[in-house]
Amino acid sequence: MWAPDIYEGSPTPVTAFLSIAPKISISANISRVSIYGSYGATLQQIFFFCSIASMILGALAAMAQTKVKKPLAHSSIGHVGYIRTGFSCGTIEGIQSLLIGIFIYALMTIDAFAIVSALRQTRVKYIADLGALAKTNPISAITFSITMFSYAGIPPLAGFCSKFYLFFAALGCGAYFLAPVGVVTSVIGCWAAGRLPRVSQFGGPKAVLRAPDM
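Numbering of residues begins from 1 in every chain and follows the order in which that chain's sequence is written. Two thresholds apply to this predicted model, a pLDDT of at least 70 for residue-level local features and 80 or more for giving and counting side-chain atom pairs, whereas whole-chain, interface and lining totals are computed over all residues. With hydrogens and water stripped out, all remaining heavy atoms of the structure feed into the side-chain values.

> Before we move on, can you summarise the overall build of the chain with the specific residues and values?
Of the regular secondary structure elements, the chain holds 9 helices and 0 strands. Runs of H or I in DSSP of at least four residues are treated as helices and runs of E of at least two as strands, each being numbered from the N terminus. Reading the helices (α) and strands (β) of the chain from amino to carboxyl end gives α-α-α-α-α-α-α-α-α. Only protein chains enter the area calculation, which uses a 1.4 Å probe; residues under 20% of their type maximum are buried, those over 50% are exposed, and those in between are partly exposed. A burial count over the chain gives 50% of its 214 residues as buried. We call two residues in contact when some of their heavy atoms are within 4.5 Å. Contacts in the chain between residues far apart in sequence, at least 24 positions, make up 79% of those at least 6 positions apart.

> Requested: an account of the UniProt feature "transmembrane region" (unreviewed entry) in the chain, with residues and values cited.
UniProt positions are given in the numbering used here, feature names are shortened, and annotations may be inferred rather than shown by experiment. When the UniProt feature table is mapped onto this chain, "transmembrane region" (unreviewed entry) is found at residues 46-64, 98-119, 139-158 and 164-192. Annotated as 84% helix and 0% strand, the span residues 46-64 places its first and last C-alpha atoms 28 Å apart. In residues 139-158, helix accounts for 75% and strand for 0%; the two terminal C-alpha atoms are 19 Å from one another.

> An account of unusual backbone geometry is needed here, citing residue identities and associated values.
Of note, the amide linkage connecting Pro-155 to Pro-156 takes the cis form, showing an omega dihedral of 5°. Structurally, Pro-156 is set in the loop between helix H7 (138-152) and helix H8 (158-172).

> Requested: an account of the packing of H7 against H8, with residues and values cited.
Taken N-terminus to C-terminus, the directions of H7 and H8 make an angle of 10°; their axes are 6 Å apart at the nearest point. The pairing of H7 with H8 is recorded here as roughly parallel in orientation. For the pair formed by H7 and H8, the contact residues are Ser-150, Tyr-151 and Ala-152 on the first element and Ala-158, Gly-159, Phe-160 and Lys-163 on the second. Considered class by class, the residues forming the contact of H7 with H8 number 4 nonpolar, 2 polar and 1 charged. Note on method: axes are straight lines fitted to C-alpha atoms, helices fitted across the in-contact stretch only, with angles between N-to-C directions ranging 0 to 180 degrees. Here is the rule for angles: anything less than 35 degrees is roughly parallel, anything more than 145 is roughly antiparallel, 65 through 115 is roughly perpendicular, and the remaining ranges are oblique. Each residue gets one label: Ala, Val, Leu, Ile, Met, Phe, Trp, Tyr, Cys and Pro are nonpolar, Asp, Glu, Lys and Arg are charged, and the others, such as Gly, are polar.

> Outline the layout of surface pockets, listing residues and values.
By volume, the largest pocket amounts to about 480 Å³. Whether a set of points on the 1 Å grid over the protein atoms alone is a cavity depends on a 1.4 Å probe fitting there but being unable to get out, while an open set qualifies as a pocket with protein on both sides within 12 Å along at least five of seven lines; lining residues are those with an atom within 4 Å of a point. In terms of lining residues, the largest pocket is bounded by 20 residues, among which Lys-23, Ser-76, Ile-77, Val-80 and Arg-84 are the most central. Contributing elements (two or more residues each) for the lining of the largest pocket: helix H1 (3-9), helix H2 (12-36), helix H3 (41-61) and helix H4 (69-89). Looking at the lining of the largest pocket residue by residue, the classes come out as 15 nonpolar, 3 polar and 2 charged. Grid points are joined across faces, edges and corners, and a volume is the space filled by probe spheres set on the points.

> Would you mind going over the side chain of Ser-19 in detail, with residue names and values included?
You can see Ser-19 is positioned in helix H2. Contacts of Ser-19, omitting those with residues within four sequence positions, involve Tyr-7, Ser-76, Tyr-105, Thr-109 and Phe-113.

Set out below in C-alpha coordinates:
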(Lines give C-alpha, C1' and ligand atoms only; values in the text may rest on other atoms or scores of the structure.)
Protein backbone atom coordinates (compact mmCIF):
# COMPACT_ATOMS: atom_id res chain seq x y z
CA MET A 1 0.00 0.00 0.00
CA TRP A 2 2.93 2.35 0.57
CA ALA A 3 4.51 1.69 -2.82
CA PRO A 4 2.62 4.30 -4.93
CA ASP A 5 3.41 7.19 -2.59
CA ILE A 6 7.04 6.11 -2.21
CA TYR A 7 7.40 5.75 -5.98
CA GLU A 8 5.94 9.21 -6.52
CA GLY A 9 7.95 10.98 -3.83
CA SER A 10 11.35 9.36 -4.36
CA PRO A 11 13.94 10.32 -6.99
CA THR A 12 13.50 8.22 -10.11
CA PRO A 13 16.81 6.26 -9.77
CA VAL A 14 15.85 5.34 -6.19
CA THR A 15 12.40 4.31 -7.36
CA ALA A 16 13.90 2.08 -10.04
CA PHE A 17 16.16 0.45 -7.46
CA LEU A 18 13.23 -0.14 -5.08
CA SER A 19 11.24 -1.62 -7.94
CA ILE A 20 13.89 -4.16 -9.00
CA ALA A 21 16.30 -5.06 -6.20
CA PRO A 22 13.86 -6.31 -3.49
CA LYS A 23 12.04 -8.55 -5.97
CA ILE A 24 15.28 -10.13 -7.16
CA SER A 25 16.47 -10.65 -3.59
CA ILE A 26 13.22 -12.14 -2.30
CA SER A 27 12.77 -14.33 -5.37
CA ALA A 28 16.35 -15.63 -5.08
CA ASN A 29 15.92 -16.55 -1.42
CA ILE A 30 12.57 -18.24 -1.86
CA SER A 31 13.88 -20.05 -4.95
CA ARG A 32 16.61 -21.55 -2.75
CA VAL A 33 13.89 -22.83 -0.44
CA SER A 34 12.10 -24.36 -3.42
CA ILE A 35 15.27 -26.02 -4.75
CA TYR A 36 16.95 -27.20 -1.55
CA GLY A 37 13.93 -27.64 0.66
CA SER A 38 10.22 -28.17 0.47
CA TYR A 39 7.04 -26.70 1.82
CA GLY A 40 3.70 -28.24 2.53
CA ALA A 41 0.30 -27.76 0.95
CA THR A 42 -0.73 -25.11 3.50
CA LEU A 43 2.21 -22.84 2.71
CA GLN A 44 1.65 -23.37 -1.00
CA GLN A 45 -1.96 -22.27 -0.62
CA ILE A 46 -0.78 -19.14 1.20
CA PHE A 47 1.57 -18.41 -1.71
CA PHE A 48 -1.31 -18.90 -4.15
CA PHE A 49 -3.54 -16.53 -2.17
CA CYS A 50 -0.82 -13.86 -1.95
CA SER A 51 -0.16 -14.19 -5.68
CA ILE A 52 -3.84 -13.75 -6.55
CA ALA A 53 -4.23 -10.81 -4.14
CA SER A 54 -1.20 -9.03 -5.61
CA MET A 55 -2.39 -9.49 -9.19
CA ILE A 56 -5.91 -8.22 -8.42
CA LEU A 57 -4.73 -5.26 -6.35
CA GLY A 58 -2.13 -4.21 -8.92
CA ALA A 59 -4.60 -4.38 -11.81
CA LEU A 60 -7.56 -2.64 -10.17
CA ALA A 61 -5.68 0.08 -8.30
CA ALA A 62 -3.77 1.19 -11.41
CA MET A 63 -6.99 2.09 -13.17
CA ALA A 64 -7.66 5.15 -11.00
CA GLN A 65 -4.21 6.74 -11.13
CA THR A 66 -3.48 10.06 -12.86
CA LYS A 67 0.28 10.40 -12.30
CA VAL A 68 2.95 8.69 -14.38
CA LYS A 69 4.82 6.89 -11.60
CA LYS A 70 1.84 5.49 -9.72
CA PRO A 71 0.66 3.13 -12.49
CA LEU A 72 4.22 1.79 -12.57
CA ALA A 73 4.00 1.23 -8.81
CA HIS A 74 0.76 -0.72 -9.10
CA SER A 75 2.14 -2.61 -12.09
CA SER A 76 5.05 -3.55 -9.85
CA ILE A 77 2.61 -4.87 -7.26
CA GLY A 78 0.87 -6.91 -9.93
CA HIS A 79 4.15 -8.30 -11.25
CA VAL A 80 5.01 -9.50 -7.75
CA GLY A 81 1.92 -11.67 -8.01
CA TYR A 82 2.88 -12.96 -11.45
CA ILE A 83 6.46 -13.71 -10.37
CA ARG A 84 5.26 -15.33 -7.14
CA THR A 85 3.34 -17.77 -9.32
CA GLY A 86 6.65 -19.36 -10.28
CA PHE A 87 7.82 -20.37 -6.84
CA SER A 88 4.26 -21.06 -5.67
CA CYS A 89 4.30 -24.09 -7.97
CA GLY A 90 7.26 -25.69 -6.19
CA THR A 91 8.50 -27.26 -9.42
CA ILE A 92 11.57 -26.88 -11.62
CA GLU A 93 9.36 -25.45 -14.37
CA GLY A 94 8.09 -22.87 -11.89
CA ILE A 95 11.63 -21.82 -10.93
CA GLN A 96 12.61 -21.56 -14.58
CA SER A 97 9.59 -19.40 -15.37
CA LEU A 98 10.35 -17.27 -12.30
CA LEU A 99 13.90 -16.58 -13.51
CA ILE A 100 12.62 -15.68 -16.97
CA GLY A 101 9.97 -13.41 -15.46
CA ILE A 102 12.46 -11.65 -13.16
CA PHE A 103 14.91 -11.06 -16.00
CA ILE A 104 12.29 -9.64 -18.36
CA TYR A 105 10.70 -7.55 -15.60
CA ALA A 106 14.07 -6.03 -14.68
CA LEU A 107 14.74 -5.03 -18.30
CA MET A 108 11.27 -3.51 -18.71
CA THR A 109 11.55 -1.59 -15.44
CA ILE A 110 14.98 -0.18 -16.26
CA ASP A 111 13.68 0.97 -19.63
CA ALA A 112 10.49 2.48 -18.20
CA PHE A 113 12.18 4.42 -15.42
CA ALA A 114 14.95 5.62 -17.73
CA ILE A 115 12.28 7.22 -19.91
CA VAL A 116 10.41 8.60 -16.89
CA SER A 117 13.66 10.09 -15.60
CA ALA A 118 14.21 11.81 -18.95
CA LEU A 119 10.61 13.06 -19.00
CA ARG A 120 10.93 14.53 -15.53
CA GLN A 121 13.39 17.05 -16.98
CA THR A 122 10.47 18.48 -18.94
CA ARG A 123 8.23 18.41 -15.85
CA VAL A 124 6.06 15.55 -17.06
CA LYS A 125 4.32 14.42 -13.88
CA TYR A 126 0.75 13.54 -14.84
CA ILE A 127 -0.40 11.08 -17.48
CA ALA A 128 -2.18 13.90 -19.31
CA ASP A 129 1.17 15.70 -19.66
CA LEU A 130 2.32 12.96 -22.02
CA GLY A 131 -0.03 14.22 -24.72
CA ALA A 132 2.58 16.17 -26.68
CA LEU A 133 5.34 13.59 -26.35
CA ALA A 134 4.76 12.03 -29.78
CA LYS A 135 5.34 15.41 -31.41
CA THR A 136 8.24 16.64 -29.30
CA ASN A 137 10.11 13.34 -28.84
CA PRO A 138 8.67 10.57 -31.04
CA ILE A 139 11.48 8.10 -30.27
CA SER A 140 10.82 8.32 -26.53
CA ALA A 141 7.07 8.07 -27.17
CA ILE A 142 7.45 4.90 -29.26
CA THR A 143 9.92 3.33 -26.81
CA PHE A 144 7.69 4.15 -23.85
CA SER A 145 4.64 2.75 -25.64
CA ILE A 146 6.40 -0.53 -26.45
CA THR A 147 7.63 -0.84 -22.87
CA MET A 148 4.16 -0.28 -21.38
CA PHE A 149 2.57 -2.72 -23.83
CA SER A 150 5.19 -5.24 -22.74
CA TYR A 151 4.28 -4.51 -19.11
CA ALA A 152 0.67 -5.24 -19.99
CA GLY A 153 1.59 -8.54 -21.65
CA ILE A 154 0.67 -7.74 -25.24
CA PRO A 155 1.98 -10.42 -27.65
CA PRO A 156 4.55 -10.86 -29.12
CA LEU A 157 6.46 -8.63 -26.67
CA ALA A 158 8.72 -9.95 -23.90
CA GLY A 159 6.17 -9.30 -21.14
CA PHE A 160 3.75 -11.69 -22.82
CA CYS A 161 6.43 -14.40 -22.99
CA SER A 162 7.18 -14.11 -19.27
CA LYS A 163 3.51 -14.34 -18.31
CA PHE A 164 3.00 -17.24 -20.71
CA TYR A 165 5.78 -19.27 -19.04
CA LEU A 166 4.49 -18.40 -15.56
CA PHE A 167 0.88 -19.33 -16.31
CA PHE A 168 1.97 -22.48 -18.13
CA ALA A 169 3.95 -23.50 -15.03
CA ALA A 170 0.88 -22.83 -12.87
CA LEU A 171 -1.25 -25.10 -15.05
CA GLY A 172 1.50 -27.72 -14.96
CA CYS A 173 1.43 -27.89 -11.16
CA GLY A 174 -2.36 -28.08 -10.98
CA ALA A 175 -3.08 -24.45 -10.04
CA TYR A 176 -6.02 -24.26 -12.44
CA PHE A 177 -7.58 -21.27 -10.68
CA LEU A 178 -4.40 -19.21 -10.51
CA ALA A 179 -3.73 -19.08 -14.25
CA PRO A 180 -7.21 -17.79 -15.26
CA VAL A 181 -7.03 -15.10 -12.57
CA GLY A 182 -3.66 -14.06 -13.98
CA VAL A 183 -5.10 -13.86 -17.49
CA VAL A 184 -8.07 -11.74 -16.34
CA THR A 185 -5.89 -9.35 -14.34
CA SER A 186 -3.54 -9.09 -17.33
CA VAL A 187 -6.48 -8.00 -19.49
CA ILE A 188 -7.44 -5.39 -16.89
CA GLY A 189 -3.81 -4.32 -16.70
CA CYS A 190 -3.79 -3.81 -20.47
CA TRP A 191 -6.30 -0.99 -20.06
CA ALA A 192 -4.46 0.57 -17.13
CA ALA A 193 -0.97 0.33 -18.63
CA GLY A 194 -2.28 1.21 -22.08
CA ARG A 195 -3.41 4.65 -20.95
CA LEU A 196 0.17 5.93 -20.90
CA PRO A 197 1.07 5.02 -24.51
CA ARG A 198 -2.41 6.00 -25.68
CA VAL A 199 -2.05 9.51 -24.28
CA SER A 200 1.57 9.82 -25.44
CA GLN A 201 0.62 8.86 -29.00
CA PHE A 202 -2.80 10.46 -29.45
CA GLY A 203 -2.74 13.28 -26.90
CA GLY A 204 -5.12 14.27 -24.15
CA PRO A 205 -6.84 17.28 -22.67
CA LYS A 206 -3.57 18.69 -21.32
CA ALA A 207 -1.27 17.81 -24.19
CA VAL A 208 1.32 20.47 -23.45
CA LEU A 209 4.87 19.88 -22.30
CA ARG A 210 6.12 22.58 -19.98
CA ALA A 211 9.65 23.84 -19.99
CA PRO A 212 11.69 23.21 -16.83
CA ASP A 213 12.12 25.98 -14.34
CA MET A 214 15.24 28.08 -14.80
